[in-house]
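Coordinate inspection notes
Residue strings, one per chain:
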Amino acid sequence: MRYSFRRRLLLPQAFIQQLQLTAILYVSVAFGLAASVSESVQQSLAQAALAEILQRGAPILGFDAGCDPALNATCNWMANIPDETNLIHMSIPGTHDSSTWNYTQATQNSLLGYTGSITPAKYFQCQEHSYFQMLNGGIRVFDLRVALNPGNGTIGFYHSQALLAPNTRLEDVLFGFYYWLDAHPTEAVLLSINYEGGTGTQDTVAFQEQLYNILSGDLATQYWVQVNGTAKLEGNSPFCNGSTTVSFLLHLNNSKRIGIHLDPEDWHDNDPNITLVYNTVNGTEQVAYIEDYYEMDGLPTSASAAENIQWKYNATIAHLQDAINPDLHPDQLYITFASSEHDTDGETPRIMALGNGTEVPGVNQKILPWLQENKGKRFGIVMLDFFDSVPGVVEAIINA
């Protein structure tokens, strides 16, 4: 992937220095310490501040157990991507509703005081491993659904009316990404950040400004690619020159934008064939071709799990066939969602992705042979539910 500009990347030491400043400020206010603090104390305070942030983010981030590239091909797989490779020519695995991994029925029950009685948790949960586990498992695209946390004015995480972690802030989770990227300097992460409707909160101008400020502050600019409107990034490759986070599908409804704005008004609901023009450069349209057929509404409520899964599989493979076709749109962006449900007849995201646990395989099992047969071709971005429950799916996407 190539970039048209050079920028200074925040190295781990600079990251620690940022935390040191915060920690020194806290101590100075609380205890009236003099400005001169030993370097070892600064380091200790910085580590303590980082630990506090990561602990607060843990309901979404989880904990990083590390990953050995010698044993796991998914740890640093982007290191194998040639520098000249453009983003739109890559095959990149992602997770749909990434933040829901910890949303069990027990979690929902503990948050009833915030949400009241809502649909059972099994209809909201789309993952079962944390962000750090996803990163170590090869996931490089994350689907973040955000709105205001109740009562404290911070931005947090939702799936529709399901509040996921009321004390975790977006900033905490971004720190987790920065922490991981510093340890994996050959990798890049793409984040889809979208205001989530159905949360009982409002998508106001103030909310949009708050979100933009988080992504464009002094620390964030050291990690985020601060460009707007194009996926065709040329020049300096982050894969060899340090870690970076790319705002990829950012839905900011104001003029201050970074990354690609895929307008929700043009992202047609439950559509297997979305064509969305997100930019025009030198008279050439930049287009995203998207399959997001997530609810099998063409089937009756009496349809079986096998019928629902087959319908979703058909839509997924049809879109992937277009993505690998060199004569169709080889220089445009493809995004395929392998995720789905059919809640009117009880087909949860888990059933759709993994089958009914007996004789009916899920979408993930069914797409694996096709991915393996076409390894090495351009798939684009492939968004998964329960991404690693079928071994080999991620590896097939990244050609490992």
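Use the structure listed above.
Report on the accompanying structure.

Rules used in this analysis
- Residues numbered from 1 in each chain as written.
- Predicted model: local features only at pLDDT ≥ 70, side-chain atom pairs only at ≥ 80, totals over all residues.
- Heavy atoms only, no water.
- Disulfide = S-S within 2.5 Å.
- Buried < 20%, exposed > 50% of the residue type's maximum accessible area, 1.4 Å probe, protein only.
- Phe/Tyr/Trp six-rings, centres within 6.5 Å; stacked < 30°, edge-to-face > 60°.
- Helix = DSSP H or I, 4+ residues; strand = E, 2+ residues; numbered from the N terminus.
- Axes fitted to C-alpha atoms, helices over the stretch in contact; angles between N-to-C directions.
- Parallel < 35°, antiparallel > 145°, perpendicular 65-115°, else oblique.
- Left-handed = near helix turned anticlockwise from the far one by under 90°.
- Contact = heavy atoms within 4.5 Å.
- Nonpolar A, V, L, I, M, F, W, Y, C, P; charged D, E, K, R; others polar.
- Pairing = 2+ DSSP bridges.
- Core = buried A, V, L, I, M, F, W, Y, C linked by side-chain atoms within 4.5 Å.
- Expected span 1.5 Å × (residues − 1).
- Salt bridge = Lys/Arg side-chain N within 4 Å of Asp/Glu carboxyl O.

The final tally for this structure, using the stated rule, is one disulfide. Here C67 pairs with C75 through a disulfide, and the sulfurs are 1.7 Å apart. Looking along the S-S bond of the C67-C75 disulfide, the torsion reads about -75°, which is the left-handed sense. For C75, a relative accessible area of 0% translates into the label buried.

The next thing to look at is the packing of aromatic side chains. The tally for this structure, following the rule as stated, stands at 11 aromatic pairs. Relative to F142, the ring of Y131 lies with its centre 5.1 Å away and its plane at 55°, an arrangement referred to as tilted. Pair noted here: Y131 is in helix α5 (residues 131-136) and F142 is in strand β2 (residues 141-148), with a separation of 11 residues, a long-range link. The exposure class assigned to Y131 is buried, which follows from its relative accessible area of 0%. Between Y195 and F207 the ring centres are 5.6 Å apart and the planes differ by 70°, which places this aromatic pair in the edge-to-face class. With a gap of 12 residues between them, Y195 in strand β5 (residues 188-195) and F207 in helix α7 (residues 205-216) connect regions that are remote in the sequence. For Y195, a relative accessible area of 16% gives the class buried.

Two elements in contact, helix α6 (residues 170-183) and α7, have axes whose closest approach is 11 Å; the angle formed by their N-to-C orientations is 25°. Between α6 and α7, the crossing angle belongs to the class labelled roughly parallel. Note that α6 runs across α7; the crossing there is right-handed. When α6 is examined against α7, the residues L170, E171 and L174 are found in contact with a partner set consisting of L211, I214 and L215. Split by residue class, the contact of α6 with α7 holds five nonpolar, no polar and one charged.

Here strand β10 (residues 380-384) lies mainly inside the structure; five of its five residues are buried. Where strand β1 (residues 91-95) and β10 come together, five bridges link them in parallel fashion. What sits directly across from G94, in β10, is M383. The pairing of strand β9 (residues 333-337) with β10 spans three bridges and is classified as parallel. Its bridge partner being in β10, T336 is matched across the sheet by V382.

With that settled, consider the nonpolar core. Y131, F142 and W224 are the most contacted members of the largest nonpolar core, which totals 100 residues. Per element, the largest residue contribution to this core is eight residues, and it comes from α6. If sequence neighbours within four positions are ignored, F142 has contacts with T95, S98, Y131, M134, L135, F177, V189, L190, L191 and S192.

Another aspect to go through is the pairing of β9. Extensive coverage of β9 is indicated by the burial of five of its five residues. Of the two faces of β9, the one lined by L333, I335 and F337 and the one lined by Y334 and T336 are each fully buried. Sheet analysis places strand β8 (residues 284-292) next to β9, joined by four bridges and oriented parallel. Looking across to β9, one finds that A288 is bridged to L333.

Mapped onto the elements, L299 comes out in the loop between β8 and α9 (305-324). Given a relative accessible area of 11%, L299 falls into the buried group. Considering only alpha carbons, one finds L299 and W311, 12 residues apart in sequence, at a separation of 8.7 Å. With sequence-adjacent residues up to four places away left out, L299 is seen in contact with E307, N308, W311 and H342.

For the rest of this paragraph, the subject is α6. Across its 14 residues, α6 extends 20 Å between first and last C-alpha, which sits within 8% of the 20 Å expected from 1.5 Å per residue. Across the 14 residues that make up α6, a large majority, 11, are buried. Taken together, the buried positions of α6 are L170, D172, V173, L174, F175, G176, F177, Y178, W180, L181 and D182.

Glancing now at the pattern of salt bridges. This structure, assessed with the given rule, holds nine salt bridges. In this structure, the salt-bridge partner of E52 is R56, at a minimum N-O distance of 3.7 Å. One end of the pair, E52, and the other, R56, are both in helix α2 (residues 39-61), four residues apart, so they sit about a helical turn from each other. The class for E52 is partly exposed, based on a relative accessible area of 48%. The salt bridge partner of R169 is D172, with a shortest N-O separation of 2.7 Å. Judged by relative accessible area, R169 falls into the partly exposed class, the value being 24%. Residue classification places D172 among the buried positions, given a relative accessible area of 0%.

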